[in-house]
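Below are the chains, spelled out letter by letter.
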Amino acid sequence: MHRPSVRPIPSTARRRHGARRIAVAAAMSATILSGCSHRVRPTDPASEPTASARKDEPINRAVFAFNKGLDHAIIRPVARGYSHLPVPVKGGVHNFSQNLREPLVFANDLLQANFLRSLNTAGRFLINSTIGVVGIFDVAGHWNMPHHSADLGQTFGVWGMGPGHTVELPVFGSSNVRDAVGRILTMSLYNLGDNSDTVSTANTVGTVGRIVDGRARALPLTDKLERSEDYYAALRDVSAERRARFVEEGRTGAVHQPEQRGDGRAATGLPMNP
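Described in the following lines is the structure provided in the data block. Fair warning: this is a prediction, and the values are worked out from it, not measured in the lab.

Turning our attention to the overall build of the chain. Scanning the chain for helices and strands turns up 10 helices and 2 strands. In sequence order, the chain lays out its α and β elements as α-α-α-α-α-α-α-β-β-α-α-α. Out of the 274 residues belonging to the chain, those deemed buried represent 42%. Expressed as a percentage of contacts within the chain between residues at least 6 apart in sequence, the contacts between residues at least 24 apart total 73%. Summed over all atoms, the accessible surface of the chain reaches about 14600 Å², with 65% contributed by carbon and sulfur.

Every other side chain in a regular strand lies on the same face of the sheet, so the side chains alternate between the two faces. Of the pairings in the sheet, the one linking strand S1 (residues 166–169) to strand S2 (residues 173–176) comprises 4 bridges and is antiparallel in character. Its bridge partner lying in S2, Glu168 is registered against Ser174. The hairpin formed by S1 and S2 contains 3 residues between the paired strands, and Val171 there has a positive phi angle of roughly 75°.

Moving on, we get to a nonpolar patch on the surface. Nonpolar side chains collect at one region of the surface, where Val133, Val134, Ile136 and Phe137 lie side by side and expose about 340 Å² of accessible area between them. Looking at the element boundaries, Val134 is found in the loop between helix H5 (115–130) and helix H6 (139–142). Judged by relative accessible area, Val134 falls into the partly exposed class, the value being 46%.

So, about the pattern of salt bridges. If you walk through the whole model with that rule in mind, you get 15 salt bridges. Lys68 is the salt-bridge partner of Glu226, the closest N and O atoms lying 3.9 Å from each other. Here Glu226 is found in helix H9 (residues 197–226), whereas its partner Lys68 is found in helix H2 (residues 51–82), with 158 residues between them in sequence. Linking Arg215 and Asp71 is a salt bridge whose minimum nitrogen-to-oxygen distance equals 2.8 Å. Pair noted here: Arg215 is in helix H9 and Asp71 is in helix H2, with a separation of 144 residues, a long-range link. Just as Arg215 is buried, Asp71 falls in that class too.

Look at Ala113: it is not a glycine, yet its phi comes out positive at around 60°. Assessed through its relative accessible area of 45%, Ala113 is described here as partly exposed. Even without being a glycine, Val133 presents a positive backbone phi close to 55°. On the secondary structure map, Val133 appears in the loop between H5 and H6.

Counted under the stated rule, the structure contains 3 aromatic pairs. Between the aromatic rings of Phe64 and Tyr231, the centroid separation amounts to 5.4 Å while the plane-to-plane angle is 75°, which identifies the pairing as edge-to-face. With Phe64 in helix H2 and Tyr231 in helix H10 (residues 231–252), this residue pair connects regions lying 167 residues apart in the sequence. Considered together, Phe64 and Tyr231 belong to a single accessibility category, that of buried residues. A centroid spacing of 5.5 Å and a plane angle of 70° characterise the contact between Phe64 and Tyr232, whose relative ring orientation is edge-to-face. With Phe64 in helix H2 and Tyr232 in helix H10, this pair connects stretches of sequence that are 168 residues apart. Following the ring pairs from residue to residue traces out a cluster consisting of Phe64, Tyr231 and Tyr232. Of note, Arg183 hangs over the ring of Phe172, and the distance from its end group to the ring centre comes to 3.9 Å. Positioned above the aromatic ring of Phe246, the side-chain terminus of Arg242 is 4.7 Å from the ring centre.

Conventions and cut-offs
Residues numbered from 1 in each chain as written. Predicted model: local features only at pLDDT ≥ 70, side-chain atom pairs only at ≥ 80, totals over all residues. Heavy atoms only, no water. Helix = DSSP H or I, 4+ residues; strand = E, 2+ residues; numbered from the N terminus. Buried < 20%, exposed > 50% of the residue type's maximum accessible area, 1.4 Å probe, protein only. Contact = heavy atoms within 4.5 Å. Areas by Shrake-Rupley, 256 points an atom, 1.4 Å probe, with all protein chains shown as cover. Pairing = 2+ DSSP bridges. Patch = residues over 30% accessible without salt bridge, like charges linked within 9 Å, V, L, I, M, F, W, Y side chains within 5 Å. Salt bridge = Lys/Arg side-chain N within 4 Å of Asp/Glu carboxyl O. Phe/Tyr/Trp six-rings, centres within 6.5 Å; stacked < 30°, edge-to-face > 60°. Lys NZ or Arg CZ within 6 Å of the ring centre and 35° of its normal.

Purely geometric numbers; function is a separate question.
See below:
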């Protein structure tokens with residue numbers, strides 16, 4: 001029996017699909033910003049919650065309850081098991097996942113006009129992707145080229161956009177309007193390279209590794225915060241303070257920044273921004 005052949009999707013169709021995805025993400029971002037722009041403040045320091053923020057809190061707490069259940073059922077047990085692996089194995093997972101994010105860090109360094117940082121990031125990616133065996137070994141870090149993070153949420157903050165009110169994202173945890181918009185745009189743009197099976201597989205492995213490794217590193221903090229009177233509020237405040245410091249690091253633009261360990265993770269252990 002003759003079977004119809006399956007034709008590969010033309011590259012032009014893939015590009016059109018990617019363009020539509022960007023358009024959808026842009027529309028979603030514009031909707032979020034337009035709906036919440038009156039709540040966005042020009043600076044990051046915490047202040048008394050507005051009436052609208054208090055009104056949103058029941059929704060945020062409901063989403064947080066879902067996140068906490070998911071964390072307790074799946075992510076945290078996996079992270080606890082992972083934490084018992086040999087240090088070289090955990091280091092390799094961390095370095096590999098981190099190296100995959102360096103192009104994103106590089107792009108945000110440029111958008112923030114942190115040119116010394118961008119050179120440091122480009123050098124790290126080149127060295128660790130080659131001598132460091134696709135990033136498994138952080139050779140650049142041993143050569144006095146330390147890693148730093150950067151994302152669109154930080155970039156928007158450097159540009160002067162305030163954080164806005166708290167938004168509890170399903171799975172991703174505590175965030176704010178500015179960082180949520182940055183996450184949507186980043187996820188849309190970052191996935192444009194998934195036309196290649198190799199790139200798609202590497203991104204999937206890196207994402208899973210980043211989730212588990214990040215959650216394992218966050219265990220001491222979240223275990224402590226969970227013993228507080230209000231776990232949701234405690235984690236929300238720690239996340240907000242961490243993001244405020246993160247934006248200030250971007251404004252400073254220093255290459256040598258101490259790495260934040262575990263205090264920028266959501267209830268599920270995911271990084272605040274992709």
